[in-house]
Amino acid sequence: METQGASNQKRVNGLVKWFDPAKGFGFVVADQGGSDILLHANVLRNFGQGSVVDGSQIEIVVQDTQRGLQATEVLSITPPQAETAVPLKDMAEFSAEDIAQREIEPARVKWFDKAKGFGFANIFGNTDDVFIHIEVLRRSGLSDLQSGEAIGLRLVDGERGRMAIEVVGWEIAAK
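The rules behind each value
- Residues numbered from 1 in each chain as written.
- Predicted model: local features only at pLDDT ≥ 70, side-chain atom pairs only at ≥ 80, totals over all residues.
- Heavy atoms only, no water.
- Core = buried A, V, L, I, M, F, W, Y, C linked by side-chain atoms within 4.5 Å.
- Buried < 20%, exposed > 50% of the residue type's maximum accessible area, 1.4 Å probe, protein only.
- Helix = DSSP H or I, 4+ residues; strand = E, 2+ residues; numbered from the N terminus.
- Contact = heavy atoms within 4.5 Å.
- Pairing = 2+ DSSP bridges.
- Phe/Tyr/Trp six-rings, centres within 6.5 Å; stacked < 30°, edge-to-face > 60°.
- Salt bridge = Lys/Arg side-chain N within 4 Å of Asp/Glu carboxyl O.
- pLDDT = per-residue confidence, 0-100.

A few words on the nonpolar core. Grouped burial of nonpolar side chains is what soluble globular proteins tend to show. The biggest cluster of nonpolar side chains holds 19 residues, and the ones touching the most others in it are Ile37, Leu39, Ile58, Ile60 and Val74. Breaking this core down by element, the ones donating at least two residues are strand 2 (9-20), strand 3 (25-30), strand 4 (37-40), helix 1 (41-47), strand 5 (57-65) and strand 6 (68-78). Once residues within four sequence positions are removed from consideration, Ile58 is found in contact with Val12, Asn13, Gly14, Leu15, Val16, Val28, Leu39, Val74, Ser76 and Ile77. Ile132, Leu145, Ile151 and Leu155 belong to the second-largest nonpolar core, a separate cluster that totals 17 residues.

If you want it as structure tokens, here you go:
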């Protein structure tokens, strides 16, 4: 751990062990080992995301409290590599570079059902639905979306209409 500014805060790299948006928290395992680090939903929201997929690499600032180590700030999140995932038909032709070059469009989640594995959003100023598949969400480093949540989308025209090819947190989309 590398000391940062305050005497009891440290910068830590680790792996998201699990995060449950319904419970409002999860835990991170530091690369150096040691106790699990509490990651509260408010800290994640301050980064611009409402969830994070298990297995993501994460860089955080932690503070040692009476209850143990807690994240106070998220600095970066890198989703896990999905080598074993079956590519979605509408995404098969796009490389990571192709995706990154597409414009991020600000959107609001209409609804998302994790159990069904999909949901819809609307680009600001447009009432047309944009399809969001759970696999796209996972590849983007997110585990769930909440109705009304502001997000950014990179889009493609799929066989059945516009669909998200990447989902980013609002803070990223707003830059």
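That shown, we press on.
Let us now look at the side chain of Gln49. Considering the arrangement of structural elements, one finds Gln49 in the loop between helix 1 and strand 5. Given a relative accessible area of 8%, Gln49 falls into the buried group. Residues within four places of Gln49 in sequence aside, it is in contact with Leu44, Ile77, Gly141, Leu142 and Gly169.

With that settled, the discussion passes to the pairing of strand 8 (residues 118-123). A regular strand places its side chains on the two faces of the sheet in alternate fashion. Sheet analysis places strand 7 (residues 105-113) next to strand 8, joined by 6 bridges and oriented antiparallel. Of the residues in strand 8, the one forming a bridge with Trp111 is Phe120. Linking strand 7 to strand 8, which pair antiparallel, is a turn of 4 residues; within it Gly117 sits at a positive phi near 90 degrees. Where strand 8 lies against strand 9 (residues 129-133), 5 bridges are found, and the strand directions are antiparallel. Counted as the bridge partner of Phe120 is Phe131 from strand 9. Counting the residues in the hairpin turn of strand 8 and strand 9 gives 5 residues, including Gly125, whose phi is positive at 85 degrees.

Next up on the list: the packing of aromatic side chains. Inspection of the entire model under this criterion finds 8 aromatic pairs. Cluster of aromatic residues (ring-pair linked, three or more members): Trp111, Phe118, Phe120 and Phe131.

This part is about the pairing of strand 7. Relative to strand 10 (residues 150-158), strand 7 runs antiparallel, the two sharing 4 bridges. Across the sheet, the residue bridging to Arg108 is Ala150, located in strand 10.

Turning our attention to the environment of Glu73. Position of Glu73 among the secondary structure elements: in strand 6. Non-local contacts of Glu73, meaning those with residues more than four positions away in its chain, are made with Val43, Glu59, Ile60 and Val61.

Now for the pattern of salt bridges. Enumeration over the complete set of coordinates arrives at 7 salt bridges. The closest approach of N and O atoms between Glu166 and Arg154, which form a salt bridge, is 2.5 Å. Here Arg154 lies in strand 10 and Glu166 lies in strand 11 (residues 161-169), a separation of 12 residues in the sequence. Using a relative accessible area of 22% as the deciding quantity, one classes Glu166 as partly exposed. Here the salt bridges share partners, and the residues they tie into one network are Glu135, Arg138 and Arg139.

Our focus in this paragraph is the confidence of the model for the protein. Within the protein, residue pLDDT values average 86, and 86% of them lie at 70 or more. Ranking the elements of the protein by mean pLDDT puts strand 1 (residues 2-3) last, at 44, and strand 4 first, at 96.

Structurally, Gly26 is set in strand 3. Sequence-wise, Gly26 and Asp36 are 10 residues apart; in three dimensions their C-alpha atoms are separated by 9.5 Å. If near-sequence neighbours (up to four positions away) are discounted, Gly26 is found in contact with Trp18, Phe19, Ile37, Leu38 and Leu39.

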